[in-house]
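Overview (structure and organization)
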Amino acid sequence: DQQVKQNSPSLSVQEGRISILNCDYTNSMFDYFLWYKKYPAEGPTFLISISSIKDKNEDGRFTVFLNKSAKHLSLHIVPSQPGDSAVYFCAASSDLTSSWGKLQFGAGTQVVVTP
Amino acid sequence: ETGVTQSPTHLIKTRGQQVTLRCSSQSGHNTVSWYQQALGQGPQFIFQYYREEENGRGNFPPRFSGLQFPNYSSELNVNALELDDSALYLCASSKGQGARETQYFGPGTRLLVL
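Residues numbered from 1 in each chain as written. Chains lettered and ligands numbered in written order. Predicted model: local features only at pLDDT ≥ 70, side-chain atom pairs only at ≥ 80, totals over all residues. Heavy atoms only, no water.

Let us now look at the packing of aromatic side chains. Applying the stated criterion to the full structure yields twelve aromatic pairs over all chains. Look at Tyr 36 of chain A and Phe 105 of chain A: their rings are 5.8 Å apart centre to centre, the planes differ by 55°, and that puts the pair in the tilted class. With Tyr 36 of chain A in strand β4 (residues 32–38) and Phe 105 of chain A in strand β10 (residues 104–105), the pair connects residues that are 69 residues apart, well separated along the chain. Each member of the pair, Tyr 36 of chain A as well as Phe 105 of chain A, is classed as buried. These aromatic residues form a ring-pair network of at least three members: Tyr 36, Phe 46, Phe 89 and Phe 105 of chain A together with Tyr 35, Phe 45 and Phe 105 of chain B. (Phe/Tyr/Trp six-rings, centres within 6.5 Å; stacked < 30°, edge-to-face > 60°. Helix = DSSP H or I, 4+ residues; strand = E, 2+ residues; numbered from the N terminus. Buried < 20%, exposed > 50% of the residue type's maximum accessible area, 1.4 Å probe, protein only.)

All names here are of chain A. With burial as the criterion, only one face of strand β3 (residues 19–25) is covered, namely that bearing Ser 19, Leu 21, Cys 23 and Tyr 25; the residues Ile 20, Asn 22 and Asp 24 on the opposite face remain uncovered. Judged from the two bridges that link them, strand β1 (residues 4–5) and β3 form a sheet pairing that is antiparallel. Residue pairing for β3: Lys 5 is matched across the bridge by Asp 24. (Pairing = 2+ DSSP bridges.)

A few words now on the state of the cysteines. By definition, a disulfide links the sulfur atoms of two cysteines through a covalent bond. Overall, the coordinates contain two disulfides over all chains when judged by the stated rule. Disulfide pairing is shown between Cys 23 of chain A and Cys 90 of chain A; the S-S distance is 2.0 Å. Because the torsion about its S-S bond is -70°, the bridge between Cys 23 of chain A and Cys 90 of chain A counts as left-handed. Residue Cys 23 of chain A is located in strand β3, and its partner Cys 90 of chain A is located in strand β9 (residues 86–93); the two are separated by 67 residues in the primary sequence. For Cys 23 of chain A, a relative accessible area of 0% puts it in the buried group. A sulfur-sulfur distance of 1.9 Å marks the disulfide that ties Cys 23 of chain B to Cys 91 of chain B. Looking down the S-S bond of the Cys 23 of chain B and Cys 91 of chain B bridge, the torsion is 75°, so its handedness is right-handed. Taken together, the positions of Cys 23 of chain B in strand β3 (residues 19–24) and Cys 91 of chain B in strand β9 (residues 87–94) put the pair 68 residues apart, joining distant regions of the chain. (Disulfide = S-S within 2.5 Å.)

This part is about the environment of Val 4 of chain B. All names here are of chain B. Looking at the secondary structure, you find Val 4 in the segment before β1 (5–7). Given a relative accessible area of 4%, Val 4 falls into the buried group. Placed 69 residues apart in sequence, Val 4 and Ser 73 show a C-alpha to C-alpha distance of 9.7 Å. Beyond its immediate stretch of four places on either side in the chain, Val 4 contacts Cys 23, Ser 24, Gln 26, Cys 91, Ser 93, Tyr 104, Phe 105, Gly 106 and Pro 107. (Contact = heavy atoms within 4.5 Å.)

Across the junction of Val 78 of chain A and Pro 79 of chain A, the peptide omega takes the value -10°, indicating a cis bond. Its location among the elements puts Pro 79 of chain A in the loop between β8 (72–77) and β9. One non-glycine residue with positive phi stands out, namely Lys 71 of chain A, at about 50°. Positive phi values are uncommon outside glycine, yet Glu 52 of chain B reaches one of about 75°. Tracing the backbone shows Glu 52 of chain B in the loop between β5 (44–50) and β6 (53–57).

Counting from both sides, the interface comprises 20 residues of chain B and, opposite them, 21 residues of chain A. Between chain B and chain A, the buried area comes to about 1,700 Å², and carbon and sulfur atoms account for 58% of it. In terms of surface lost to chain A, no three residues of chain B exceed Ala 99, Arg 100 and Phe 105 of chain B, which account for 33% of the buried area on that side. The tally of links from chain B across to chain A stands at zero salt bridges. Between the two partners, chain B and chain A, sit three residue pairs in polar contact (both at pLDDT 80 or more). For the side of chain B that touches chain A, the elements supplying multiple residues, two or more each, are β4 (31–37), β5 and β9 of chain B. Per-element tally for the side of chain B that touches chain A: the top contributor is β4 of chain B, with three residues. Classifying every residue of the side of chain B that touches chain A gives eight nonpolar, eleven polar and one charged. (Buried area = accessible area lost by both parts, 1.4 Å probe. Salt bridge = Lys/Arg side-chain N within 4 Å of Asp/Glu carboxyl O. Polar contact = N/O pair within 3.5 Å; in protein donor to acceptor, adjacent residues only side chain to side chain. Nonpolar A, V, L, I, M, F, W, Y, C, P; charged D, E, K, R; others polar.)

Structure, rendered in structure tokens:
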């Protein structure tokens, strides 16, 4: 049962433009959401997170938006750079103690930034 | 560079065998989580260890087991290997067990079961 879904397996964007990655979730108990970035032969690297009490969090070129009513979040990268070419994973977790540490990941979106 | 290391990087086993994968956490991190990433999918949570005790488990059978040691190292053991166990195995360390503790991932061990 896939509780976190990334429906776009790939995204191609020109350097300097905006990249928008989307993620949907089904479990209303999720209250913390994260984005991880993964290069080949490396483990996922934490990028940015957002708590369910917020609808936006910004860190430099990266902004995450959360729409709780739609159970949808998105990651905006502006401007996109060649070094941003990687696989991006959306993940969700819950503050329920039984779920501590258990990140539920989407299948990932491969981003390619072209010159 | 997350400071989390894993060994070996690659491993080939045959069905029915047993395997031990190792992880070295960041210094000061008392929590380690293990994930399985099959090809084309996101990581799936196997279990978490906090201060050497299993602290939570995903939908994996008991033949997946683990150990955590006081020196920030840990192991994932898989018995009676099946073909579907072929995957990238990732460990992640964090300062604590809560949902908001950032997990720092190692590069993974790629296991192939023939």
